[in-house]
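Examination of the molecular architecture
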Amino acid sequence: MMPYIDDSPSSSPHLSAKSRGGRDTLSSGSLESTKSGETDLEKGLEMRKWVLSGILASEETYLSHLEALLLPMKPLKAAATTSQPVLTNQQIETIFFKVPELYEIHKEFYDGLFPRVQQWSHQQRVGDLFQKLASQLGVYRAFVDNYEVAMETAEKCCQANSQFAEISENLKARSSKDSKDSTTKNSLETLLYKPVDRVTRSTLVLHDLLKHTPSSHPDYLLLQDALRISQNFLSSINEEITPRRQSMTVQKGEALRSLERPGHLKERLFPRQASCALRSSWEALLWVTLPSEHRQLLKDSFMVELVEGARKLRHVFLFTDLFLCAKLKKQIGGKSQQYDCKWYIPLSDLSFQMVDDSEAVPNISLVQDEELDAMKIKISQLKSDIQREKRANKGSKNMERLKKKLSEQESLLLLMSPSMAFRVHNRNGKSYTFLISSDYERAEWREIIREQQKKCFKSFSLTSVELQMLTNSCVKLQTVHHIPLTINKEDDESPGLYGFLNVIVHSASGFKQSSNLYCTLEVDSFGYFVNKAKTRVYRDTTEPNWNEEFEIELEGSQTLRILCYEKCYNKTKLPKEDGETMDRIMGKGQIQLDPQALPDKDWQRTVVVMNGVEVKLSLKFTSREFSLKRVPSRKQTGVFGVKIAVVTKRERSKVPYIVRQCVEEIERRGMEEVGIYRVSGVATDIQALKAAFDVNNKDVSVMMSEMDVNAIAGTLKLYFRELPEPLFTDELYPNFAEGIALSDPVAKESCMLNLLLSLPEPNLVTFLFLLDHLKRVAEKESINKMSLHNLATVFGPTLLRPSEKDSKIPANPTQPITMTDSWSLEVMSQVQVLLYFLQLETIPTPDSKRQSILFSTEV
């Protein structure tokens, strides 16, 4: 059942035409300010109603679950007095302890709330109901204390009595109040957990409701009191409930939950390094010189090792004659750091794994993009809090606490993000698998190891004493002292660049024989590198001339990497390393992205030298404050930069022609393109298509059929990005951002759907047309690698980013914008909004008018 929504004009999220017109005629600044404040207050109170509607629907569902528990109690009690009882009275009392009391409490709350929501006004009071509900939380205390005993008793009774086992697996709860014939089957275990889950979430709905209740409202103080009571109650039982919640939840993301246990990260991840007191300096040096006169440390780094499916953070050391993998021991009582050697391989015995077709490749468990983004959101929030603390010059204790949390979250992200296998094999033993994020890094390790192997001829083994001494020496010899965390950087270090980097890959020279050549571009973000663009393959040449331009989004990026590959079309000729056939890397290089050396909007040419090969590039950086601007078109005709309503009216269509054409071409031949919409198209092709659509070129469909499909995808993204107002409109954007932040899922659904259906008709129909297309793209995820989340990441900011006047980003910032500003959180919110709609199976329509809009086949 959809929660009650008052769709009268006064409470609609749409401003009436009269209201809009009045606002346009205002000339006084003070009047505009007053009107704006009133509108914001109106929207806040509207959100309050949606939150309450969601709470009401959620209460109805909860009551149906409690009713399902109460239903078998009466016949079980009646049978307990007969000669053949199913359960004893004591067992019934234990299993269903306090359930009747909980039902009465929430029935009274629901009966009080329902008429008030039906007779809604912005001054309607509900705080007394929530205050009374909070005051009765003592009943939950008794329920929680008895919970484990109840579950154990129920389990024993199921084992002893098949009739009760049958009953406990087939408890039926009503799906909604109005559909008495519609029920869902639940187990006794599931239903008994509902009150536990309910009470742990009690503060969430109060937070949402209080957030949208003005401080001047009569409810405000009552809701504050209810929240205080709930928080105090939860703090007293939270430690008991947390493990139960974890045991009852789906196993998805189990590794992440286990890492979030207090103190666990401290054991698993490397803290800031301290000096070595276990061995003196001369002893460490003695070991380095005695066993091998020429042993030196060549390279060390932090890596993620895959051990029986689990990710472990390691510190690896490459010496002139061996490769050693170590972990840092937990430091106790202020003792100096110590390494524990996990394994080592003499370089003469090390090879890079060659995988036969018959050999199983180790299963790499990938962390979902949603989980990685949740970590990034936490990191952004913590950085913002730290900056706020610095500006306020508050006490160091709170600052240290925030920094500790930031270190844990960044460490967790670095642990869970890599997915590219790097395998090393000991000819006399087993294989080991590391996970890294960049082909550049993998190639770097292979190159230096292979070069050093030319000087190593003999195998050897170390005694336990020798191995211990070598491991101890690592503390003194290490060159990489910290994992690459923000917390380990000095305050004056560059925070990286935020905005867009345009890169033209011109040409390359220095190849000794003709090959099929292409380049890829990587940039760093949140401490690890991501592949951002790929040129086309230039066939049979020693001097490729790509002349392709790419636009790459930067998120605190400091380095641009370029890799040049030889494309091998006959994969049988290539060795299979790390379980995959690979094109050969011909060269690699990198450019430091210095904010001082990359002024806004100016092209700079540069040459990257790599293994005798020279690649010519041009770079142009556009900072965030300029790249975010939506600029209306000055032309009277055309489609780019023109309001969508104007275009559809001119074309007499429901969806703009450019959107239909691009979607049709991508669905014809781009659905299985790896990275479709994520991989950049050639900028010159995109500009050519833009010009053709703007002048209504009749040959545009022919042009599209001859172009790379990524250029067509780029054209579609550019169209939405250059709209003078986002598809989700400036007016409704703040409400979408508020709605997606709601904690209660029922309230969130009610709010988001009503907001969506409040969009102007051309915007709504175009969005639904695009939404269906993106869902079809995601159906091919196994081939194109574009999940719903990946698509939301690409299109979220494009469809929702507000115009400059409504953006939270300052138009003329007085200092460089850093990661700690609200922008990163705002972008992630935009991604979450689009992802929410992508994940909905259907979008309900409340009236026949919307029905005709949504399901019309005419576009």
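1. Remarks on the overall build of the protein chain
Helix and strand content of the protein chain: 31 helices and 20 strands. Per-residue burial over the protein chain gives 50% buried out of 859 residues. A fraction of 74% describes how many contacts in the protein chain between residues 6 or more apart in sequence connect residues 24 or more apart. Here the protein chain displays about 41600 Å² of accessible surface, and carbon together with sulfur accounts for 49% of that area.

2. Looking at the pairing of strand E5 (residues 322-328)
Summarising burial for E5: six of the seven residues are buried, a large majority. Two strands pair when backbone bridges link them, and strand E4 (residues 310-319) and E5 are joined in this way by four bridges, in the antiparallel orientation. From the neighbouring strand, Leu 318 faces E5, where its bridge partner is Phe 323. Between E4 and E5, which pair antiparallel in sequence order, lie two residues. When E5 meets strand E6 (residues 339-346), the two strands line up antiparallel, connected through seven bridges. The partner of Cys 325 across the bridge, within E6, is Trp 343.

3. Some thoughts on the packing of aromatic side chains
Enumeration according to the criterion identifies 23 aromatic pairs in this entry. Ring plane angle 85° and centroid distance 5.9 Å describe the contact between Phe 640 and Tyr 719, whose orientation is recorded as edge-to-face. Here Phe 640 is found in the loop between helix H19 (624-627) and helix H20 (644-651), whereas its partner Tyr 719 is found in helix H24 (residues 709-721), with 79 residues between them in sequence. We note that Phe 640, like Tyr 719, is buried. A connected cluster of aromatic rings, assembled from ring pairs, spans Phe 323, Trp 343, Phe 352, Phe 422, Tyr 432, Phe 434 and Trp 445. Sitting above the plane of the Trp 445 ring, Lys 299 keeps its charged end 5.0 Å from the centroid. The cationic tip of Lys 534 hangs over the ring face of Tyr 518; the distance from NZ or CZ to the ring centre is 4.8 Å.

4. Description of the environment of Arg 116
Note that Arg 116 resides in helix H5 (residues 99-118). Sequence separation of Arg 116 and Leu 52 is 64 residues, and the distance between their C-alpha atoms is 9.9 Å. Residues in contact with Arg 116, not counting those within four places in the same chain, are Gln 124, Arg 125, Val 126, Asp 128 and Leu 129.

5. Some words on the sheet that holds strand E10 (residues 497-509)
The antiparallel open sheet is built from four strands, whose spatial order is E14-E10-E20-E19. Both edges of this open sheet fall to strand E14 (545-557) and strand E19 (604-610), since each of them pairs with a single strand only. Pairs of neighbouring strands in the sheet enclose a mean axial angle of 30°, with direction left out of account. For E10 and strand E20 (residues 613-623), the ladder comprises ten bridges, and the chain directions are antiparallel. Across the sheet, Phe 500 pairs through a bridge with Thr 622, a residue of E20.

6. Focus on the pattern of salt bridges
Close approach of charged atoms allows side chains of opposite charge to pair. Evaluated as defined, the whole model comprises 28 salt bridges. One salt bridge connects Lys 107 with Asp 111, and the closest N-O pair in it is separated by 2.8 Å. In this pair, Lys 107 and Asp 111 both sit in helix H5, four residues apart, roughly one turn of the helix. Residues Asp 128 and Arg 116 are paired through a salt bridge, measuring 2.8 Å at the closest nitrogen-oxygen approach. Within this pair, whereas Asp 128 is found in helix H6 (residues 127-135), its partner Arg 116 is found in helix H5, the two being separated by twelve residues in sequence. Residue classification places Asp 128 among the partly exposed positions, given a relative accessible area of 34%. What you see here is one network of salt bridges that share partners, running through Glu 665, Arg 668 and Arg 669.

7. A short note on the sheet that holds E5
Read across the open sheet, the seven strands follow the order E6-E5-E4-E3-E9-E8-E7; overall the sheet is antiparallel. Both edges of this open sheet fall to E6 and strand E7 (350-352), since each of them pairs with a single strand only. In this sheet, neighbouring strand axes are inclined to one another by 35° on average, regardless of whether the strands run parallel or antiparallel. Where E7 and strand E8 (residues 420-426) come together, three bridges link them in antiparallel fashion. Note that in E8 the partner of Phe 352 across the bridge is Val 424. Its contacts with the sheet put helix H16 (residues 396-416) on strand E3 (297-307) and E4, and the angle it makes with E4 is roughly 85°. Lying on the sheet, helix H17 (residues 439-453) is in contact with E3, E4, E5, E7, E8 and strand E9 (431-436); it crosses E3 at an angle near 125°.

8. Considerations on helix H29 (residues 788-800)
Across its 13 residues, H29 extends 17 Å between first and last C-alpha, which sits within 8% of the 18 Å expected from 1.5 Å per residue. Residue Val 794 marks the point of greatest curvature in H29, where the axis turns by about 35°; the proline Pro 797 follows within four residues. Along H29, the positions that sit buried rather than exposed are His 789, Asn 790, Leu 791, Ala 792, Val 794, Phe 795, Gly 796, Pro 797, Thr 798, Leu 799 and Leu 800.

9. Some details on the side chain of Gln 452
When you line up the elements, Gln 452 lands in helix H17. The class for Gln 452 is buried, based on a relative accessible area of 10%. If we skip the residues at most four places from it in the chain, Gln 452 touches Leu 298, Thr 320 and Leu 347.

10. A few points about the nonpolar core
Core analysis: the biggest nonpolar cluster contains 130 residues, and Phe 130, Tyr 677, Phe 720, Phe 736, Phe 767, Leu 799 and Phe 837 have the highest contact counts within it. Among the elements that line this core, the one with the most residues is helix H2 (residues 29-70), at eleven residues. If you look at the next biggest cluster of nonpolar residues, it comprises 29 residues, including Leu 501, Val 503, Val 523 and Met 610.

11. Thoughts on the confidence of the model for the protein chain
This prediction gives the protein chain a mean pLDDT of 78; 76% of its residues lie at or above 70. Throughout residues 239-293 the model reports pLDDT below 50, and contacts reaching past four residues in sequence, or to other chains, amount to 97 contacts. Considering only residues more than four positions removed or in separate chains, one finds that residues 806-821, a stretch of pLDDT under 50, has 26 contacts.

12. Here we look at the state of the cysteines
By the definition in use, this model includes zero disulfides. For the unlinked cysteine Cys 474, the closest cysteine sulfur is that of Cys 341, found at 8.0 Å. By relative accessible area, which is 0% here, Cys 474 ends up buried. Among the cysteines around Cys 564, which has no disulfide bond, Cys 519 carries the closest sulfur, lying 3.9 Å off.

13. Some points on the environment of Leu 63
In this fold, Leu 63 is placed in helix H2. The class of Leu 63 is buried, set by a relative accessible area of 5%. Put simply, Leu 63 and Tyr 103 are 40 residues apart on the chain and 6.6 Å apart in space, counted from C-alpha to C-alpha. Setting aside chain neighbours within four positions, we find Leu 63 in contact with Tyr 103, His 106, Lys 107 and Tyr 110.

Thresholds, definitions, all that
- Residues numbered from 1 in each chain as written.
- Predicted model: local features only at pLDDT ≥ 70, side-chain atom pairs only at ≥ 80, totals over all residues.
- Heavy atoms only, no water.
- Helix = DSSP H or I, 4+ residues; strand = E, 2+ residues; numbered from the N terminus.
- Buried < 20%, exposed > 50% of the residue type's maximum accessible area, 1.4 Å probe, protein only.
- Contact = heavy atoms within 4.5 Å.
- Areas by Shrake-Rupley, 256 points an atom, 1.4 Å probe, with all protein chains shown as cover.
- Pairing = 2+ DSSP bridges.
- Phe/Tyr/Trp six-rings, centres within 6.5 Å; stacked < 30°, edge-to-face > 60°.
- Lys NZ or Arg CZ within 6 Å of the ring centre and 35° of its normal.
- Axes fitted to C-alpha atoms, helices over the stretch in contact; angles between N-to-C directions.
- Salt bridge = Lys/Arg side-chain N within 4 Å of Asp/Glu carboxyl O.
- Expected span 1.5 Å × (residues − 1).
- Bend = angle between axes of the 7 residues up to and from the residue.
- Core = buried A, V, L, I, M, F, W, Y, C linked by side-chain atoms within 4.5 Å.
- pLDDT = per-residue confidence, 0-100.
- Disulfide = S-S within 2.5 Å.

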